[in-house]
Amino acid sequence: MDTENRRPLKSRSSGWARVLATTLARLGVSPDFLSALSVVFALGGAACFVLSATPDDVRRAALLIGAAVCIQLRLLCNLLDGMVAVEHGKGSSAGPIWNELPDRIADVCFLVGAGYACELSGWAGASVTGWIAAIGALLTAYVRELGRGLGFAADFCGPMAKPHRMALLTGASVLAAAEPLWGWRGQTLLIALALIALGAVITAARRTQHLAQQLAARAK
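Residues numbered from 1 in each chain as written. Predicted model: local features only at pLDDT ≥ 70, side-chain atom pairs only at ≥ 80, totals over all residues. Heavy atoms only, no water.

1. Overview of the overall build of the protein chain
Counting secondary structure elements, the protein chain contains seven helices and zero strands. Ordering the α and β elements of the protein chain from the N terminus gives α-α-α-α-α-α-α. Computed over the C-alpha atoms, the radius of gyration of the protein chain is 18 Å, within 12% of the 17 Å expected from 2.2 N^0.38 for a compact globule of 220 residues. The dimensions of the protein chain, computed from C-alpha atoms along their principal axes, are 55 × 50 × 25 Å. For the protein chain, buried positions account for 46% of its 220 residues. Relative to all contacts within the protein chain whose residues are 6 or more apart in sequence, the contacts with residues 24 or more apart total 81%. For the protein chain, the accessible surface area stands at approximately 10,300 Å², while carbon and sulfur atoms represent 69% of it. Each charge class in the protein chain was averaged separately, 20 positive and 14 negative side chains, and the resulting centres sit 6 Å apart. (Helix = DSSP H or I, 4+ residues; strand = E, 2+ residues; numbered from the N terminus. Rg over C-alpha atoms; globule rule 2.2 N^0.38 Å. Buried < 20%, exposed > 50% of the residue type's maximum accessible area, 1.4 Å probe, protein only. Contact = heavy atoms within 4.5 Å. Areas by Shrake-Rupley, 256 points an atom, 1.4 Å probe, with all protein chains shown as cover. Lys, Arg positive; Asp, Glu negative; His and termini not counted. Charge placed at Lys NZ, Arg CZ, Asp CG, Glu CD.)

Okay, here's the thing in C-alpha coordinates:
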(Lines give C-alpha, C1' and ligand atoms only; values in the text may rest on other atoms or scores of the structure.)
Protein backbone atom coordinates (compact mmCIF):
# COMPACT_ATOMS: atom_id res chain seq x y z
CA MET A 1 0.00 0.00 0.00
CA ASP A 2 1.19 3.53 -0.82
CA THR A 3 1.54 5.16 2.60
CA GLU A 4 1.00 8.58 1.01
CA ASN A 5 -2.55 7.49 0.24
CA ARG A 6 -3.35 6.50 3.81
CA ARG A 7 -6.16 8.43 5.40
CA PRO A 8 -5.00 10.06 8.67
CA LEU A 9 -6.84 8.22 11.45
CA LYS A 10 -6.36 8.68 15.20
CA SER A 11 -7.72 5.17 15.80
CA ARG A 12 -4.69 3.74 13.98
CA SER A 13 -2.48 4.61 16.97
CA SER A 14 -4.87 3.23 19.58
CA GLY A 15 -3.75 0.24 21.64
CA TRP A 16 -6.67 -2.00 20.73
CA ALA A 17 -6.13 -1.45 17.00
CA ARG A 18 -2.43 -2.25 17.24
CA VAL A 19 -3.10 -5.43 19.21
CA LEU A 20 -5.80 -6.56 16.78
CA ALA A 21 -3.66 -5.83 13.72
CA THR A 22 -0.69 -7.67 15.24
CA THR A 23 -2.88 -10.66 16.06
CA LEU A 24 -4.30 -10.82 12.54
CA ALA A 25 -0.83 -10.54 11.00
CA ARG A 26 0.47 -13.36 13.19
CA LEU A 27 -2.50 -15.51 12.18
CA GLY A 28 -1.59 -14.95 8.54
CA VAL A 29 -4.72 -12.97 7.65
CA SER A 30 -3.97 -10.99 4.50
CA PRO A 31 -4.93 -7.33 4.13
CA ASP A 32 -6.61 -8.18 0.82
CA PHE A 33 -8.90 -10.61 2.65
CA LEU A 34 -9.83 -7.88 5.13
CA SER A 35 -10.60 -5.52 2.24
CA ALA A 36 -12.84 -8.16 0.66
CA LEU A 37 -14.52 -8.80 4.01
CA SER A 38 -15.52 -5.13 4.14
CA VAL A 39 -17.68 -5.74 1.05
CA VAL A 40 -19.36 -8.68 2.76
CA PHE A 41 -20.30 -6.40 5.66
CA ALA A 42 -21.50 -3.76 3.19
CA LEU A 43 -23.76 -6.27 1.47
CA GLY A 44 -25.07 -7.36 4.86
CA GLY A 45 -25.72 -3.74 5.80
CA ALA A 46 -27.55 -3.07 2.54
CA ALA A 47 -29.72 -6.14 3.17
CA CYS A 48 -30.48 -4.91 6.70
CA PHE A 49 -31.54 -1.54 5.34
CA VAL A 50 -33.84 -2.98 2.69
CA LEU A 51 -35.39 -5.54 5.05
CA SER A 52 -35.98 -2.84 7.67
CA ALA A 53 -38.95 -1.62 5.62
CA THR A 54 -41.32 -3.74 7.69
CA PRO A 55 -44.37 -2.84 9.79
CA ASP A 56 -42.90 -4.78 12.72
CA ASP A 57 -41.27 -2.06 14.83
CA VAL A 58 -39.08 -4.44 16.83
CA ARG A 59 -37.76 -6.21 13.75
CA ARG A 60 -37.26 -2.87 12.00
CA ALA A 61 -35.24 -1.50 14.92
CA ALA A 62 -33.09 -4.64 15.08
CA LEU A 63 -32.33 -4.48 11.35
CA LEU A 64 -31.43 -0.79 11.48
CA ILE A 65 -29.10 -1.41 14.41
CA GLY A 66 -27.69 -4.33 12.41
CA ALA A 67 -27.02 -1.95 9.51
CA ALA A 68 -25.20 0.43 11.86
CA VAL A 69 -23.07 -2.44 13.16
CA CYS A 70 -22.23 -3.49 9.60
CA ILE A 71 -21.09 0.06 8.80
CA GLN A 72 -18.73 0.03 11.75
CA LEU A 73 -17.42 -3.44 10.89
CA ARG A 74 -16.72 -2.22 7.35
CA LEU A 75 -14.73 0.69 8.79
CA LEU A 76 -12.88 -1.68 11.10
CA CYS A 77 -11.83 -3.75 8.08
CA ASN A 78 -10.71 -0.56 6.34
CA LEU A 79 -8.59 0.34 9.37
CA LEU A 80 -7.02 -3.08 9.85
CA ASP A 81 -6.25 -3.89 6.22
CA GLY A 82 -3.94 -0.91 6.00
CA MET A 83 -2.32 -1.63 9.35
CA VAL A 84 -1.66 -5.27 8.48
CA ALA A 85 -0.31 -4.25 5.06
CA VAL A 86 1.93 -1.38 6.17
CA GLU A 87 2.88 -1.86 9.82
CA HIS A 88 3.32 -5.61 9.40
CA GLY A 89 4.59 -5.73 5.82
CA LYS A 90 1.87 -8.05 4.53
CA GLY A 91 0.86 -6.00 1.49
CA SER A 92 0.58 -7.68 -1.90
CA SER A 93 1.27 -6.40 -5.40
CA ALA A 94 -2.50 -6.08 -5.89
CA GLY A 95 -2.86 -4.15 -2.64
CA PRO A 96 -3.63 -0.78 -4.27
CA ILE A 97 -6.60 -2.38 -6.07
CA TRP A 98 -7.93 -3.97 -2.88
CA ASN A 99 -7.39 -0.70 -1.04
CA GLU A 100 -9.71 1.25 -3.34
CA LEU A 101 -12.19 -0.95 -5.21
CA PRO A 102 -13.90 -2.58 -2.18
CA ASP A 103 -14.36 0.87 -0.64
CA ARG A 104 -16.25 2.09 -3.67
CA ILE A 105 -18.47 -1.00 -3.71
CA ALA A 106 -19.15 -0.67 0.01
CA ASP A 107 -20.16 2.99 -0.27
CA VAL A 108 -22.66 2.19 -3.01
CA CYS A 109 -24.12 -0.77 -1.09
CA PHE A 110 -24.76 1.20 2.09
CA LEU A 111 -26.05 4.40 0.50
CA VAL A 112 -28.24 2.78 -2.13
CA GLY A 113 -29.52 0.26 0.41
CA ALA A 114 -30.54 3.08 2.73
CA GLY A 115 -32.27 4.84 -0.16
CA TYR A 116 -34.37 1.80 -0.99
CA ALA A 117 -35.20 1.37 2.70
CA CYS A 118 -36.71 4.87 2.66
CA GLU A 119 -38.59 4.23 -0.57
CA LEU A 120 -40.02 0.94 0.67
CA SER A 121 -41.08 2.76 3.84
CA GLY A 122 -43.34 4.97 1.75
CA TRP A 123 -41.12 7.79 0.48
CA ALA A 124 -41.53 7.66 -3.27
CA GLY A 125 -38.34 8.39 -5.18
CA ALA A 126 -36.14 8.13 -2.09
CA SER A 127 -33.99 5.55 -3.83
CA VAL A 128 -32.88 8.32 -6.18
CA THR A 129 -31.47 10.22 -3.20
CA GLY A 130 -29.52 7.11 -2.24
CA TRP A 131 -28.11 6.80 -5.75
CA ILE A 132 -27.18 10.50 -5.83
CA ALA A 133 -25.38 10.11 -2.49
CA ALA A 134 -23.55 7.05 -3.86
CA ILE A 135 -22.51 8.89 -7.02
CA GLY A 136 -21.33 11.79 -4.89
CA ALA A 137 -19.24 9.41 -2.78
CA LEU A 138 -17.68 7.93 -5.92
CA LEU A 139 -16.98 11.42 -7.23
CA THR A 140 -15.08 12.47 -4.11
CA ALA A 141 -12.87 9.38 -4.42
CA TYR A 142 -12.39 9.97 -8.15
CA VAL A 143 -11.13 13.52 -7.65
CA ARG A 144 -8.77 12.33 -4.91
CA GLU A 145 -7.34 9.62 -7.16
CA LEU A 146 -7.19 12.03 -10.10
CA GLY A 147 -4.96 14.26 -8.00
CA ARG A 148 -2.74 11.34 -7.08
CA GLY A 149 -2.52 10.34 -10.74
CA LEU A 150 -1.28 13.83 -11.48
CA GLY A 151 1.46 13.44 -8.88
CA PHE A 152 -0.03 15.16 -5.84
CA ALA A 153 -0.64 13.85 -2.34
CA ALA A 154 -4.06 12.39 -1.62
CA ASP A 155 -6.62 15.02 -0.60
CA PHE A 156 -8.86 13.67 2.18
CA CYS A 157 -10.65 16.94 2.93
CA GLY A 158 -14.36 17.00 3.81
CA PRO A 159 -16.97 17.97 4.76
CA MET A 160 -18.24 14.57 3.59
CA ALA A 161 -15.26 12.25 3.21
CA LYS A 162 -15.76 8.53 3.90
CA PRO A 163 -15.48 8.73 7.72
CA HIS A 164 -17.98 11.60 7.79
CA ARG A 165 -20.44 9.78 5.49
CA MET A 166 -20.30 6.62 7.49
CA ALA A 167 -20.53 8.40 10.85
CA LEU A 168 -23.63 10.25 9.71
CA LEU A 169 -25.22 7.11 8.27
CA THR A 170 -24.43 5.13 11.43
CA GLY A 171 -25.97 7.78 13.66
CA ALA A 172 -29.01 8.09 11.39
CA SER A 173 -29.52 4.31 11.44
CA VAL A 174 -29.48 4.18 15.23
CA LEU A 175 -31.81 7.18 15.48
CA ALA A 176 -34.14 5.74 12.84
CA ALA A 177 -34.53 2.60 14.94
CA ALA A 178 -36.42 4.73 17.48
CA GLU A 179 -38.48 6.74 14.94
CA PRO A 180 -41.84 5.08 15.80
CA LEU A 181 -41.59 6.76 19.22
CA TRP A 182 -42.27 10.16 17.61
CA GLY A 183 -44.31 9.02 14.61
CA TRP A 184 -41.64 9.04 11.90
CA ARG A 185 -40.85 6.24 9.49
CA GLY A 186 -37.91 6.70 7.16
CA GLN A 187 -37.46 10.45 7.46
CA THR A 188 -34.24 10.23 9.48
CA LEU A 189 -32.43 8.12 6.89
CA LEU A 190 -33.78 10.24 4.06
CA ILE A 191 -32.51 13.45 5.68
CA ALA A 192 -29.12 11.82 6.27
CA LEU A 193 -28.87 10.71 2.65
CA ALA A 194 -29.75 14.22 1.43
CA LEU A 195 -27.02 15.68 3.67
CA ILE A 196 -24.51 13.09 2.43
CA ALA A 197 -25.39 13.86 -1.19
CA LEU A 198 -25.03 17.61 -0.66
CA GLY A 199 -21.88 17.22 1.41
CA ALA A 200 -20.30 14.92 -1.17
CA VAL A 201 -20.86 17.47 -3.92
CA ILE A 202 -19.26 20.16 -1.76
CA THR A 203 -16.36 17.84 -0.93
CA ALA A 204 -15.76 16.99 -4.59
CA ALA A 205 -15.86 20.71 -5.45
CA ARG A 206 -13.35 21.55 -2.70
CA ARG A 207 -10.98 18.80 -3.80
CA THR A 208 -11.27 19.94 -7.41
CA GLN A 209 -10.48 23.50 -6.37
CA HIS A 210 -7.44 22.33 -4.40
CA LEU A 211 -6.26 20.30 -7.39
CA ALA A 212 -6.68 23.23 -9.76
CA GLN A 213 -4.65 25.42 -7.40
CA GLN A 214 -1.90 22.81 -7.22
CA LEU A 215 -1.79 22.49 -11.00
CA ALA A 216 -1.64 26.28 -11.37
CA ALA A 217 1.21 26.48 -8.85
CA ARG A 218 3.13 23.73 -10.63
CA ALA A 219 2.71 25.47 -13.98
CA LYS A 220 4.42 28.64 -12.74
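Next, the rest of the story.
2. Regarding the nonpolar core
Ranked by size, the top nonpolar core spans 32 residues in total, and within it Phe49, Phe110, Leu111, Leu169 and Leu189 carry the most contacts. At the level of elements, α2 (31–51), α3 (57–86), α4 (95–120), α5 (126–149), α6 (162–177) and α7 (187–219) are the ones that each hand at least two residues to this core. At eight residues, the largest contribution of residues to this core is made by α4. With residues near it in sequence (within four places) discarded, Leu111 still touches Gly130, Ala133, Ala134, Ala137, Leu169, Leu193 and Ile196. (Core = buried A, V, L, I, M, F, W, Y, C linked by side-chain atoms within 4.5 Å.)

3. A look at the side chain of Arg12
Tracing the backbone shows Arg12 in the segment before α1 (15–26). As a buried residue without a salt bridge, Arg12 has its nearest oppositely charged side chain in Glu87, at a separation of 4.9 Å. Side-chain polar atoms of Arg12 contact the backbone oxygen of Arg7, separated by 2.8 Å. With near-sequence residues (within four places) excluded, Arg12 lies in contact with Arg6, Arg7, Ala17, Arg18, Leu79, Met83 and Glu87. (Salt bridge = Lys/Arg side-chain N within 4 Å of Asp/Glu carboxyl O. Polar contact = N/O pair within 3.5 Å; in protein donor to acceptor, adjacent residues only side chain to side chain.)

4. Let's talk about the pattern of salt bridges
Tallied over the full model, the rule gives twelve salt bridges. A salt bridge links Arg185 to Asp57; its shortest N-O distance comes to 2.9 Å. Of this pair, Arg185 sits in the loop between α6 and α7 while Asp57 sits in helix α3, placing them 128 residues apart in sequence. Owing to a relative accessible area of 37%, Asp57 belongs among the partly exposed residues under this scheme. Linking Glu145 and Arg144 is a salt bridge whose minimum nitrogen-to-oxygen distance equals 2.6 Å.

5. A closer look at the packing of α2 against α3
Packing of α2 against α3 leaves a shortest axis separation of 8 Å and a crossing angle of 170°. In terms of their interaxial angle, α2 and α3 are classed as roughly antiparallel. Counted by class, the contact of α2 with α3 contains 17 nonpolar, six polar and two charged residues. (Axes fitted to C-alpha atoms, helices over the stretch in contact; angles between N-to-C directions. Parallel < 35°, antiparallel > 145°, perpendicular 65-115°, else oblique. Nonpolar A, V, L, I, M, F, W, Y, C, P; charged D, E, K, R; others polar.)

6. So, the environment of Leu111
Mapped onto the elements of the fold, Leu111 is located in helix α4. On the basis of relative accessibility, which here comes to 0%, the residue Leu111 falls in the buried class. Between the alpha carbons of Leu111 and Arg165 there is a distance of 9.2 Å; along the sequence they are 54 residues apart.

7. As for the environment of Gly91
Relative to the helices and strands, Gly91 resides in the loop between α3 and α4. On the basis of relative accessible area, Gly91 is assigned to the partly exposed category, the value being 40%. In this structure, the C-alpha to C-alpha distance between Gly91 and Gly130, residues 39 residues apart in sequence, is 33 Å. When sequence neighbours within four positions are dropped, the list of residues in contact with Gly91 reads Pro31 and Ala85.

8. Comments concerning a nonpolar patch on the surface
A grouping of Leu175, Leu181, Trp182, Trp184, Ile191 and Leu195 is seen on the molecular surface, where their side chains present a nonpolar patch of about 620 Å² in accessible area. Examined against the element boundaries, Leu175 turns out to sit in helix α6. In this structure Leu175 comes out as partly exposed when scored by relative accessible area, which is 45%. (Patch = residues over 30% accessible without salt bridge, like charges linked within 9 Å, V, L, I, M, F, W, Y side chains within 5 Å.)

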